[in-house]
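Residue strings, one per chain:
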Amino acid sequence: MANILLTTRCNRSCPYCFAEREMAGSDVDSLMSWENLIYIADFLLMSGQRRVSLLGGEPTIHPECVDYILYLLERGFDVTVFTNGMLGKSRREEFRRHLTGISRERLTFVCNLNDPLQTPAPHTERERIEEFLSLMGPWVSPGFNIYRPDFTLDFLFDAINRFGLKRHLRLGITHPIPGKGNGFIRPAEMRQVVERLYSYREIFEATRVSPGLDCGFPMCKFTDEELGWLNRFRGSPHFRCGAAVDITPDMSVYHCFPLSDYQRRSLFEFDSLLEIEEHFRQLRQQIRVEIAGIFEECDGCRQREDDVCSGGGVCQLLNRFVDEAPVRIPEIEHEIAKNRHPL
Amino acid sequence: MKLPKIVIPYNKTLLRSMSGQIVAVRVKSIPQAAEAAAHVRDSGNALFCVIVEANSPLAELALHDGIKDIPLAIMAPAMGKFRRVTAILPVLRGGNIRIYLPCDRPDNITSLRLLSSLGIHCCALFAPGETNWEELADLMTYAVLERAPHAPIEPFEFIASSYEPSSYLDWGRIFFDDPRHFLHLDARGRVALSRREASMGDFIAAGIAEIAAADEFPAISERINSWRYRLAENHPCAFCAGWKICLGRFAPEAGEDGGCAGFFQEMLDVARQRGAQRAGGEELRVWQP
């Protein structure tokens, strides 16, 4: 599935933001145009895609966000919008008038929520988010980015019950932007994260909420019991790193936010999504020639060789290169060198 | 040549005065369209279509299921907010409708592409002197060569599908502007060669009865063959590579910035590509054996 970035602006500042480099490096007024959106819709349809995600920045900032959602639905796509839920009153009213009649099977909002205690936000922010959840709750899947090992999930179960959200919790671990030094989960902290997640097992069961793991979790950090539990939910977990395929307002395409600097291309260079995925598969392969995974044990690991697990995300591997030995592939080395900390 | 279709303003008296004609009626609003269609059918004439010359954007028009069976040519100044268009999309898709938007505004060129991508047959209305030929060329390429499913955008689709390398092509009929196919009457029944001439009071006959056979009527045959004068005048258009599908339609603009020339040359190329695709293979290029 491809992600369309409607804008590179955001109205929030999360401590773990791994889109920060992309946001900072782009034109703040950069907005996805109708011409480009129609081109992308044609491109994806011709690639056999029927699902699309809208991202930002904060996609709901785009003045024509509602129209874009309606257009993509009319083109036959199922649409997922990744939002922080901080919508102003007039935008909420637009959502109420035009989106609350859409089937919940076809339109989903993944609302990234932060722990109010660990990541406190101003009262007005919290208020706006709650008003959004009150309005669009049945269309919303909560999302949570784990950026410290002592995270809590209680507030999310509370939100699911209070606002009638979809009973699926999307969990991501925050990724390093190679060379950026942002807050992220280190390989050594992975087991602690998994244990913490598993400690919520009874609440997941009692509230009938299913956990969904985003990319970057290494399989070996789960016990067989933990894997068995995860496999009991619809859409069993995967541990592979793949291209998110992010398309920016200026029609650049890159692997994912943390790798937005790496082998970035123009969408116009490709004829199908398959070609783009192949381009980024080669990128991952080039990097994996250098290093098998984020742990020493990844080298020679059967699950790694069978491609059941990627041994962590490519961005985590590249982050090691930035501070460690240079790699052999000149093009990647050149891009890494730009991110290396000056001595 | 049989008598062309008649384009008239919606006027019951005028309709009653004719019979056996194929008629296109001009109205100002959608509610008038259903009424006009019924009156044409009751008058003993055949309805070709109802032309809605709306003053408000497409999104603001009160389209409803009741007009589904009426052939409609809706000429609107703009599309309007997409969110409001979604409410009338089922009618636009299910009806016998073609949307005309003037392409002197960049947002209308985008709207034409958008409507086409949603399966709505539409048409670019050229605005002399105001046309952005480069943007129009992008739209034309999309209309003819884009492989993703979309509805036709006229006149590009008509040109691409009707183009014959060995003959000239006049596509004015798409805009009801070709006396071979359409004559325009005013409320008093006077006949003009085009909508513009009818509104300017430039008439060729006091009534349609004066015209027994169109190709024998001097004013009509002169207009049909008027493009030949460009050749006699050594007009720059006559030397343009796009001449065969333009026939000097934009002669007043030609030579100023050459925009129309570039566009029609590209249109010709695209039409050839379409022809080659229809023939079952890609067009053979000069570097191919």
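Shown above is the structure to which this text applies.
What this report covers is the structure whose coordinates are included nearby. (Residues numbered from 1 in each chain as written. Chains lettered and ligands numbered in written order. Predicted model: local features only at pLDDT ≥ 70, side-chain atom pairs only at ≥ 80, totals over all residues. Heavy atoms only, no water.)

Summing up its helical and strand segments, chain B has 11 helices and nine strands in all. Scaling as 2.2 N^0.38, a compact globule of 289 residues should have a C-alpha radius of gyration of about 19 Å, and chain B matches this with 20 Å. Seen through its C-alpha atoms, chain B measures out along the principal axes to roughly 65 × 50 × 35 Å. By the burial criterion, 53% of the 289 residues in chain B qualify as buried. (Helix = DSSP H or I, 4+ residues; strand = E, 2+ residues; numbered from the N terminus. Rg over C-alpha atoms; globule rule 2.2 N^0.38 Å. Buried < 20%, exposed > 50% of the residue type's maximum accessible area, 1.4 Å probe, protein only.)

Residue and element names in this part refer to chain B. Strand order in the open sheet formed by nine strands is S7-S6-S5-S4-S3-S2-S1-S8-S9, with mixed pairing between adjacent strands. Two strands close off the open sheet at either side, each with one partner strand: strand S7 (153-154) and strand S9 (191-192). Here strand S8 (residues 182-185) pairs with S9 via two bridges, running antiparallel. Its bridge partner being in S9, histidine 184 is matched across the sheet by alanine 192. With respect to the sheet, helix H2 (residues 30-42) is in contact with strand S2 (22-27), strand S3 (46-53) and strand S4 (72-75), its orientation differing from that of S3 by roughly 160 degrees. Against the sheet, helix H4 (residues 106-117) contacts strand S5 (97-102), strand S6 (122-125) and S7, and its axis sits at roughly 160 degrees relative to S5. (Pairing = 2+ DSSP bridges. Contact = heavy atoms within 4.5 Å. Axes fitted to C-alpha atoms, helices over the stretch in contact; angles between N-to-C directions.)

Now for the side chain of B:Arg26. Residues and elements named next belong to chain B. One can find arginine 26 in strand S2. Assessed through its relative accessible area of 13%, arginine 26 is described here as buried. Once you skip the residues sitting within four places of it in the chain, arginine 26 turns out to touch Val7, Ile8, Pro9, Tyr10, Ile51, Glu53, Leu185 and Arg195.

In this section: the interface of chain B and chain A. Opposite the 16 residues of chain B that make contact, chain A presents 15 residues. For the pair chain B and chain A, the summed buried area comes to about 1,400 Å², and 61% of that belongs to carbon and sulfur atoms. Per-residue buried area on chain B facing chain A is highest for B:Phe82, B:Arg83 and B:Thr110; these three make up 39% of the total on that side. Among the ionic pairs, B:Arg83 bridges to A:Glu94, the shortest N-O distance being 3.1 Å. The tally of links from chain B across to chain A stands at six residue pairs in polar contact (both at pLDDT 80 or more). Taken together, the elements giving at least two residues each to the side of chain B that touches chain A come down to helix H3 (82-94) and H4 of chain B. (Buried area = accessible area lost by both parts, 1.4 Å probe. Salt bridge = Lys/Arg side-chain N within 4 Å of Asp/Glu carboxyl O. Polar contact = N/O pair within 3.5 Å; in protein donor to acceptor, adjacent residues only side chain to side chain.)

Right, let's talk about H2(B) for a bit. All names here are of chain B. Relative to the 18 Å expected for 13 residues at 1.5 Å per residue, H2 spans 19 Å between its end C-alpha atoms, a close match to the ideal helical length. Contacts from the buried residues of H2 go to helix H1 (12-16), S2, S3 and S4. Trailing H2 by a residue or two, glycine 44 shows a phi angle of about 85 degrees, which is positive. (Expected span 1.5 Å × (residues − 1).)

Here the idea is simple: oppositely charged side chains can pair when their charged atoms come close. Taken as a whole and assessed by the stated rule, the structure comprises 32 salt bridges over all chains. Between A:Glu278 and A:Arg281 there is a salt bridge, with the nearest N and O atoms lying 2.8 Å from each other. Placement of both A:Glu278 and A:Arg281 in helix H10 (residues 273-290) is noted, with a separation of three residues, approximately one turn of the helix. Classification of A:Glu278 by relative accessible area gives partly exposed; the value is 30%. Of the residues examined, A:Arg281 reaches a relative accessible area of 34% and is grouped as partly exposed. Overlapping salt bridges, with partners in common, bring together B:Asp170, B:Asp177, B:Asp178, B:Arg180 and B:Arg249 in one network.

So, on to the environment of B:Asn55. Position of B:Asn55 relative to the elements: it lies in the loop between S3 and S4. Sequence-wise, B:Asn55 and B:Lys28 are 27 residues apart; in three dimensions their C-alpha atoms are separated by 7.6 Å.

Right, let's get into the packing of helix H4 (residues 89-99) of chain A against helix H5 (residues 123-136) of chain A. All names here are of chain A. Between H4 and H5, whose axes approach to 11 Å, the crossing angle comes to 10 degrees. Taken together, the axes of H4 and H5 lie roughly parallel to each other. Only Arg128, Glu131, Phe132, Leu135 and Met136 of H5 make contact with H4, whose side of the interface consists of Arg92, Phe95, Arg96 and Leu99. Considered class by class, the residues forming the contact of H4 with H5 number five nonpolar, no polar and four charged. (Parallel < 35°, antiparallel > 145°, perpendicular 65-115°, else oblique. Nonpolar A, V, L, I, M, F, W, Y, C, P; charged D, E, K, R; others polar.)

Bringing the packing of helix H3 (residues 65-74) of chain A against H3(B) into the picture now. It is at 9 Å that the axes of H3(A) and H3(B) come closest, and there the two elements cross at 20 degrees. If you check the angle between H3(A) and H3(B), you find them roughly parallel. Across the interface between the two elements, A:Val66, A:Asp67, A:Leu70, A:Tyr71 and A:Glu74 from H3(A) touch B:Phe82, B:Arg83, B:Thr86, B:Leu89 and B:Arg93 from H3(B). Residue composition of the contact of H3(A) with H3(B), grouped by class: five nonpolar, one polar and four charged.

Purely geometric numbers; function is a separate question.
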